[in-house]
Amino acid sequence: LIITTPHDLDSFRHLLGDGSGWGLSISYAAQPSPDGLAQAFHIGADFVGDNPSCLALGDNLTYGHGLSQALAKAGRTTAGATVFAHRVEDPQRYGIVAFGPDGRASSIEEKPQAPKSHWAVIGLYFYDGTAVERARLIKKSARGEYEITDLNASYLRDGALQVERLGRGFAWFDAGTHASLLEAGEFVRILQTRQGQLIASPEEIAFTLGWISTDDLIRHAEPLEQTDYGKALMLLASEAAAPAK
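The following paragraphs examine the structure supplied in this document.

Rules and cut-offs
Residues numbered from 1 in each chain as written. Predicted model: local features only at pLDDT ≥ 70, side-chain atom pairs only at ≥ 80, totals over all residues. Heavy atoms only, no water. Patch = residues over 30% accessible without salt bridge, like charges linked within 9 Å, V, L, I, M, F, W, Y side chains within 5 Å. Areas by Shrake-Rupley, 256 points an atom, 1.4 Å probe, with all protein chains shown as cover. Salt bridge = Lys/Arg side-chain N within 4 Å of Asp/Glu carboxyl O. Helix = DSSP H or I, 4+ residues; strand = E, 2+ residues; numbered from the N terminus. Buried < 20%, exposed > 50% of the residue type's maximum accessible area, 1.4 Å probe, protein only.

### Some thoughts on a nonpolar patch on the surface
Here is step 1 of the chain: A surface patch of nonpolar side chains, about 380 Å² in accessible area, is lined by L24, I205, L209 and W211.
Here is step 2 of the chain: Within the fold, W211 resides in the loop between α8 (202-208) and α9 (214-221).

### Side note on the side chain of S180
Here is step 1 of the chain: Among the structural elements, S180 can be located in helix α7 (residues 178-195).
Here is step 2 of the chain: What makes S180 buried here is its relative accessible area of 12%.

### Examining the environment of T177
Here is step 1 of the chain: If you trace the backbone, T177 turns up in the loop between β10 (170-174) and α7.
Here is step 2 of the chain: Taking the C-alpha atoms as reference points, T177 and D59, separated by 118 residues in sequence, lie 9.0 Å from one another.

### Examining the pattern of salt bridges
Here is step 1 of the chain: If you walk through the whole model with that rule in mind, you get 10 salt bridges.
Here is step 2 of the chain: Note that R13 is salt-bridged to D10, the shortest N-O span being 3.1 Å. Of this pair, R13 and D10 both sit in helix α1 (residues 6-16), three residues apart, roughly one helical turn.
Here is step 3 of the chain: By relative accessible area, D10 is classed as exposed at 57%.
Here is step 4 of the chain: One network of salt bridges, in which partners are shared, links E110, K111, R143, E145 and E147.

Next up, the structure:
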């Protein structure tokens, strides 16, 4: 379920369609006003129901070896919540989680004036089937928003919040400003150029997971064959079709 502004909804629908080309099923919903991240579980209540879910923010980029395995592990959890934390230099700007001597989360605060740690909760959250129910109990903050930190705090109070710290081998960008978006784009460009591998290509991921066939991959690549991206997809298809040596 993609939640965006009423103004941008048609653009996303035009860009992504129903997701069938990647072996997905994509639905859409509008957020009429920016009333906080936890409002996603008000808007998407019928979509989520009482099922486990993952909320991913569209302006966050996370990269690192082992990330896929960490996400898969979080996705298998059916009780409680799992969030991810990354160390930041300016903790006053983020939701900050502190840890006790046992390494477990001891507190979580939204944009604290006196941060208890430098570990920011990034925009990637895994919840059990109680998320919608919990979100309905949240009141708007002084900022006039349904805070995702309040939803996470409700799990923390119940002893049901797991925080996975992403260490030195990970990069995280909160690309919500022009400058940070440029930084994230340059990071991806450098890695792709030097490694010769695509980052977060939906076609490559769908193909690798077996959601689409080699012919499907080629159909995606052909309209883009004059671009570096299209050439990378065609190379992936040709390598998959080549006999093993």
